Amino acid sequence: MRVPRLVGLMAVDARETARARGLSLAAPDRPDFHRTVVDYVVRQYPRPGAEVPAESMVYVWFDFAEGEGGGGVREPRVPGPPTGGLQRELGEPGDAFEMIGR
């Protein structure tokens, strides 16, 4: 029997998928796994596609391990977008109306 891909599924969907294939799920980072519903699986063992005997245990995790990181901020923060349009060079202080007289 091949292990299905559970990464990316919500907990409830991962349980249903495993149960339909005759596999059991365990979540080492969630003691209340049977009540977990909307958290997403971020990794699993054995890997998807691995051959296992029927009624095998598949382990899933909902949090990243130390050093694996997470999604982080996805939008650029710095530097900001460039300003558009033409700009003129400013004169020396005190020459505020220099351009008008030309």
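Residues numbered from 1 in each chain as written. Predicted model: local features only at pLDDT ≥ 70, side-chain atom pairs only at ≥ 80, totals over all residues. Heavy atoms only, no water.

Caption draft 1: Spotlight on the packing of aromatic side chains. A full pass over the atoms with the stated rule returns 1 aromatic pair. Note on F33 and F62: the rings are 5.9 Å apart at their centroids and 35 degrees apart in plane angle, and the pair reads as tilted. You can see F33 sitting in the loop between β1 (24–26) and β2 (43–45) and its partner F62 sitting in the segment after β3 (57–61), a full 29 residues away along the chain. Overall, F62 belongs to the buried group, its relative accessible area being 6%. The cationic tip of R15 hangs over the ring face of F33; the distance from NZ or CZ to the ring centre is 5.1 Å. (Phe/Tyr/Trp six-rings, centres within 6.5 Å; stacked < 30°, edge-to-face > 60°. Helix = DSSP H or I, 4+ residues; strand = E, 2+ residues; numbered from the N terminus. Buried < 20%, exposed > 50% of the residue type's maximum accessible area, 1.4 Å probe, protein only. Lys NZ or Arg CZ within 6 Å of the ring centre and 35° of its normal.)

Caption draft 2: Representation of the environment of D63 within the structure. With respect to the helices, strands and loops of the structure, D63 is situated in the segment after β3. In this structure, the C-alpha to C-alpha distance between D63 and Y40, residues 23 residues apart in sequence, is 8.6 Å. Discounting chain neighbours no more than four positions away, the residues touching D63 are D29, R30, V42 and R43. (Contact = heavy atoms within 4.5 Å.)

Caption draft 3: Inspection of the sheet that holds β1 at higher detail. Read across the open sheet, the 3 strands follow the order β1-β3-β2; overall the sheet is mixed. Strand pairing shows two members of the sheet lacking a second neighbour, β1 and β2, which therefore form its edges. Here the average twist between neighbouring strands, direction ignored, is 30 degrees. Examined bridge by bridge, β1 and β3 share 3 bridges and lie parallel to one another. Residue pairing for β3: A26 is matched across the bridge by Y59. (Pairing = 2+ DSSP bridges. Axes fitted to C-alpha atoms, helices over the stretch in contact; angles between N-to-C directions.)

Caption draft 4: Local environment of the nonpolar core. With 14 residues, the main nonpolar core has L6, L25, F33, V58, V60 and F62 as its most contacted residues. Those elements that place two or more of their residues in this core are α1 (11–20) and β3. Among the elements that line this core, the one with the most residues is α1, at 3 residues. With residues near it in sequence (within four places) discarded, V58 still touches V3, L6, L23, S24, L25, A26, Y45 and P46. (Core = buried A, V, L, I, M, F, W, Y, C linked by side-chain atoms within 4.5 Å.)

Caption draft 5: Broad picture of the pattern of salt bridges. A full pass over the atoms with the stated rule returns 3 salt bridges. Where E51 meets R2, a salt bridge forms, and the shortest distance between an N and an O atom there is 3.5 Å. With E51 in the loop between β2 and β3 and R2 in the segment before α1, this residue pair connects regions lying 49 residues apart in the sequence. The exposure classification of E51 matches that of R2, with both residues exposed. (Salt bridge = Lys/Arg side-chain N within 4 Å of Asp/Glu carboxyl O.)

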